[in-house]
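# Structural features, examined
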Amino acid sequence: MTDATTIVRDHPLWHPFSDMGTVGTEKLVLDRGEGIWVYDTQDRRYMDATASLWCANVGHGRREISQAVAAQLDQLDTFNIFGDYANQPALDVAARLAALSPMDDTKVFLGSGGGDMLDTAAKIARAHFAQRGQPQRTHLISRSLGYHGTHGLGTSLAGIEANGAGWGRLVPDVSVVARDDARALEDEILRVGPDRVAAFFCEPVIGAGGVHHPVDGYIEAVADVCQRYGVLFVADCVICGFGRLGTWFGIDRWPVEPDMIAVAKGITGGTMPLGALLVSGHVAAPFFTGEPGAPVLRHGQTYAGHPACCAAAMATMDILEREELIGRGEGLEQALANALRPLAENPMVGEVRAGLGLMAGVDLASHVVESTPGAVAILQRRCREAGILVRPLIRGIAVSPPLTITPDEIVELGALIAEGFARLEPLVARNAASR
Ligand SMILES: Cc1ncc(COP(=O)(O)O)c(C=O)c1O
């Protein structure tokens, strides 16, 4: 099979995170999806081992979701939830998330995606302390290689250096610490001054930064550090939630209680743009005194609580519950690790990281990255030719198929990626020979 890249000359569509020199003229135009498969405009089939940027946890082509959205658009197509306006799907989603939340007295702030929720979390952390009489408590800390979206605050929190660079001066009072070192977090809090630090942002399993699992005990240790210094622990579960790690939120795989949890993506199976920030009652308290004239959080997006997006979330959560998909993120993690393990024997492979949740990273060996310019993009292309879509990362690829994938299909996934590597091999060999 070869892939069906369409040649599109001088098209004005500007693609996110993309080399427009290449994709400006060549695009893979996808047309439809069903289950773990997507099809291009020439009806070629690809296994979606990305769940489209870690979103389609329930698989593609779920009529139940599209029908719920259509019905909602017919009934109330749009209305904001500013002030005292509400709509039933927004109320339902907030109540459902609060009931599932591992935090006490959870309040739910809605937005249009992950980045919205990370910026919301940063602002709520600072606003919380301002209301508690500690306005100097503004400093935010994140983990190296973490990804927290592309808005202003999220970009400032970037642990992937390239994402934070080149924009001029962004948000001050932000720092990044080594991702697996709880001591580094504590040292940074002490360096800045505990009375100046508002929050620590933690992706439990780092996704876009390469699929890196936390070392044993790390999550518990950083939660403990945060608690000791009164620093709010913000769990960025935009990727890890909705079953990806085998639990509703991802962070609930560990025995810790965060102060805020950001989710998006899998909440609607990627079908509609929605993010949610779960906020522990004690953090939200200054804004929920019940007194007229209580402080107002002057923040929120037009589409927060959009009825059609919330209807999609309700339908998605129904599917996740009814088909018992949440636990599959953990139930299938060993199958995925087993399917990818043979790749570790391949001399073109540097490392395979799998075994925690239905997500994995496969790094290219250093000699491949050094000898073959654009090696990751070429590997992605070779995998596509083999019939599988994978996510290119900094040094390799990520896989995160829908939770509906079967064990047999996971074996097929491993074989298709192995074929992608086999297709890369002649180029790598040629480059090595010419050095
Ligand atoms: C961990 C994490 N946080 C935040 C975001 C940003 O989400 P969005 O792209 O919906 O703004 C992402 C996106 O991939 C993510 O992986």
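Because the structure is a prediction, the values reported are computed rather than measured.

### Focus: the nonpolar core
Within the largest apolar cluster, 133 residues are counted, with the highest numbers of intra-cluster contacts made by Phe200, Val234, Met260, Ala262, Ala312 and Ile388. Per-element tally for this core: the top contributor is helix α11 (residues 307–322), with nine residues. Looking at which domains feed residues into this core, each of domain 1 (6–57 + 326–433) and domain 2 (64–322) gives three or more. Not counting the four nearest positions on each side in its chain, Ala262 is found in contact with Gly114, Met117, Leu118, Ala121, Val234, Asp236, Cys237, Val238, Gly275 and Leu277.

### Observations concerning the site of the ligand
Taken together, 15 residues form the shell around the ligand, and within it Gly113, Gly114, Gly115, Gly149 and Val238 come nearest. The element that contributes the greatest number of residues to the shell around the ligand is helix α5 (residues 114–131), accounting for three residues. Of the residues belonging to the shell around the ligand, the class tally is seven nonpolar, six polar and two charged.

### Overview of the domain arrangement of the chain
Here the chain is partitioned into domain 1 (6–57 + 326–433) and domain 2 (64–322). Taking only C-alpha atoms into account, the centre of domain 1 sits 28 Å from that of domain 2. Contact with domain 1, which involves 24 residues of that partner, is made by 21 residues of domain 2. Every element with two or more residues in the side of domain 1 that touches domain 2 is listed here: α2 (51–54), α12 (328–331) and β14 (360–364). It is α12 that provides the largest number of residues to the side of domain 1 that touches domain 2, a total of four residues.

### Concerning the sheet that holds β14
Adjacent strands of a sheet form backbone hydrogen bonds with each other and so pair up, either parallel or antiparallel. Judged by pairing direction, the sheet is antiparallel, and its four strands sit side by side in the order β13-β14-β17-β16 without closing on themselves. The sheet is open, and its two borders are formed by β13 (349–353) and β16 (391–392), each paired with just one other strand. In terms of strand pairing, β14 meets strand β17 (residues 396–399) through four bridges, oriented antiparallel. Paired with Asp363 across the two strands is Gly396, which belongs to β17. Seen against the sheet, helix α15 (residues 375–386) touches β14, β16 and β17 and runs at an angle of roughly 45° to β17.

### Looking at the sheet that holds strand β7 (residues 139–143)
Pairing in this open sheet of seven strands is mixed, and the strands run β6-β12-β11-β10-β9-β7-β8 from one edge to the other. Of all strands in the sheet, those with a lone pairing partner are β6 (107–111) and β8 (174–177), marking the two edges. Pairs of neighbouring strands in the sheet enclose a mean axial angle of 20°, with direction left out of account. Pairing between β6 and strand β12 (residues 275–279): five bridges, direction antiparallel. By the bridge assignment for β12, Gly111 is matched with Gly275. On top of the sheet, helix α9 (residues 218–229) reaches β9 (197–202) and β10 (232–236); it is set at about 170° to β9, its chief contact.

### Overview of α5
If you check α5, its first and last C-alpha atoms are 25 Å apart, about what 18 residues at 1.5 Å a residue would give, namely 26 Å. The element α5 is extensively covered by neighbouring structure, given that 15 of its 18 residues are classed as buried. Taken from the residues just after α5, Gly133 is the one with a positive phi, measuring 80°.

### Regarding the packing of helix α3 (residues 63–75) against α11
Running from N to C, α3 and α11 point in directions that differ by 150°, and their axes come no closer than 8 Å. The pairing of α3 with α11 is recorded here as roughly antiparallel in orientation. The handedness of the crossing between α3 and α11 is right-handed. Together, Glu64, Ile65, Ala68, Val69, Gln72 and Leu73 of α3 and Pro307, Ala308, Ala311, Ala312, Met314, Ala315, Thr316 and Ile319 of α11 make up the contact between the two elements. By residue class, the composition of the contact of α3 with α11 is 11 nonpolar, two polar and one charged.

### Points about α3
Within an α-helix, residues lying three or four positions from one another point in the same direction, as the helix has 3.6 residues per turn. Taking 1.5 Å of rise per residue, 13 residues should cover 18 Å, and α3 covers 18 Å from first to last C-alpha, within 8% of that figure. Those residues of α3 not exposed but buried are Ile65, Ala68, Val69 and Gln72. One side of α3 holds all its buried residues, which, seen down the axis, span an arc of 95°. Facing away from the buried side of α3 by more than 90 degrees, the exposed set consists of Arg63, Gln67, Ala71 and Asp74. Against the buried residues of α3 lie α4 (88–100) and α11.

### A short note on the pairing of β14
Summarising burial for β14: five of the five residues are buried, a large majority. Neither face of β14 is open: one carries Ala360, Val362 and Leu364, the other Gly361 and Asp363, and all of them are buried. Relative to β14, β13 runs antiparallel, the two being bridged by four bridges. From the neighbouring strand, Val352 faces β14, where its bridge partner is Val362. Here β13 folds back onto β14, and the loop between the two strands holds six residues, one of which, Gly355, carries a positive phi near 115°.

### Focus: the packing of α15 against helix α16 (residues 407–433)
Running from N to C, α15 and α16 point in directions that differ by 125°, and their axes come no closer than 8 Å. Considering the angle they form, α15 stands oblique to α16. Crossing geometry of α15 relative to α16 is assigned as right-handed. Counted together, Ile378, Leu379, Arg382, Cys383, Glu385 and Ala386 of α15 and Leu416, Ile417, Glu419, Gly420, Arg423, Leu424 and Leu427 of α16 form the full contact between these two elements. Partitioning the contact of α15 with α16 into residue classes produces eight nonpolar, one polar and four charged.

### Some details on unusual backbone geometry
Not every positive phi belongs to a glycine, and Ser52 is a case in point at roughly 45°. For Ser52, a count of 19 C-beta atoms within 10 Å gives the class partly exposed. Unusually for a residue other than glycine, Lys265 sits at a positive phi of about 40°. Tracing the backbone shows Lys265 in the loop between β11 (260–263) and β12. Overall, Lys265 belongs to the buried group, with 27 C-beta atoms counted inside 10 Å.

Cut-offs and rules
- Residues numbered from 1 in each chain as written.
- Predicted model: local features only at pLDDT ≥ 70, side-chain atom pairs only at ≥ 80, totals over all residues.
- Core = buried A, V, L, I, M, F, W, Y, C linked by C-beta atoms within 7 Å.
- Buried ≥ 20, exposed ≤ 12 C-beta atoms within 10 Å, placed from the backbone.
- Helix = DSSP H or I, 4+ residues; strand = E, 2+ residues; numbered from the N terminus.
- Domains from an automatic or database assignment.
- Contact = placed C-beta atoms within 7 Å.
- Near = placed C-beta within 6 Å.
- Nonpolar A, V, L, I, M, F, W, Y, C, P; charged D, E, K, R; others polar.
- Pairing = 2+ DSSP bridges.
- Axes fitted to C-alpha atoms, helices over the stretch in contact; angles between N-to-C directions.
- Expected span 1.5 Å × (residues − 1).
- Parallel < 35°, antiparallel > 145°, perpendicular 65-115°, else oblique.
- Left-handed = near helix turned anticlockwise from the far one by under 90°.
- Arc of directions from axis to C-beta.

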